[in-house]
Amino acid sequence: MNRTLHTYFRSSAAYRVRIALNLKGLTAQHVFVHLTRQGGEQFGEAFRALNPQALVPVLSEDGVQISQSLAIMEYLDEAYPTVPLLPKALADRALVRQLSLGIACDVHPLNNLRVLKYLTTTLGASEDAKSAWIHHWIALGLQAVEAELARRPASRFCVGDVPTMADCCLVPQVFSAQRFNVDLSGFPCAMKVYANCQALDAFADAQPSRQPDAE
Ligand SMILES: N[C@@H](CCC(=O)N[C@@H](CS)C(=O)NCC(=O)O)C(=O)O
């Protein structure tokens, strides 16, 4: 089996997949794509041939190439079901997807590198305005996660007492919030889940500072 992951240490989306692989006990050879060096290696011809969206992560496995972190995680879950990333009960599966999509589609893209670059260059936003933008969208997204977690019986992870795809999405988003100094004091349920996740090697080993390409 030849499995590679095109990744960048600071990428939240790649971080999700690194956690998922670790949870499943799967290894992948990491190919590092530096998102800022020389204008961004993701825009090079070779990487664009792999993913025309010019975004990491990309998982390649025996000729199969998949981009989009949620698609990758669902693929891994179907291909390697022994350690599942989705619970059994239908309603719980839907909740995991709801939380995952809420973060991956409605929070993360607004603070992605290319969006922030567009804000400051094309639209001329100041650094302060950029920072306010980041704080606004992360806080709004985490408020929704917090409300969802708070109205359910307390559990160790986002949905139940076993980590799921929702935790793979929450942890990188909280990590990114910390990097941007977002005040997280209003999110006790999310932070408790975050702490429970970080206590596991699968999550701790996937964090940006532990990656070989970390700066
Ligand atoms: N929805 C995509 C998002 C992928 C994405 O935005 N990747 C970022 C890093 S987290 C990226 O490659 N950014 C490069 C850029 O903005 O130019 C996923 O979940 O995989």
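Residues numbered from 1 in each chain as written. Predicted model: local features only at pLDDT ≥ 70, side-chain atom pairs only at ≥ 80, totals over all residues. Heavy atoms only, no water.

1. Details of the domain arrangement of the chain
- In terms of domains, the chain is made up of domain 1 (3–83) and domain 2 (90–202).
- Relative to domain 2, the C-alpha centre of domain 1 lies at a distance of 20 Å.
- Residue-level contacts link 19 residues of domain 1 with 20 residues of domain 2.
- Summing both partners gives a buried area of about 1,600 Å² for domain 1 against domain 2, and 67% of it is carried by carbon and sulfur.
- Ranking the residues of domain 1 by area buried against domain 2 places Tyr15, Arg16 and Leu70 at the top, with a combined share of 34%.
- One can count 1 salt bridge joining domain 1 with domain 2.
- Among the salt bridges present, the one from Arg97 reaches Glu74, with a minimum N-O distance of 2.9 Å.
- On the surface where domain 1 and domain 2 come into contact, there are 2 residue pairs in polar contact (both at pLDDT 80 or more). (Domains from an automatic or database assignment. Contact = heavy atoms within 4.5 Å. Buried area = accessible area lost by both parts, 1.4 Å probe. Salt bridge = Lys/Arg side-chain N within 4 Å of Asp/Glu carboxyl O. Polar contact = N/O pair within 3.5 Å; in protein donor to acceptor, adjacent residues only side chain to side chain.)

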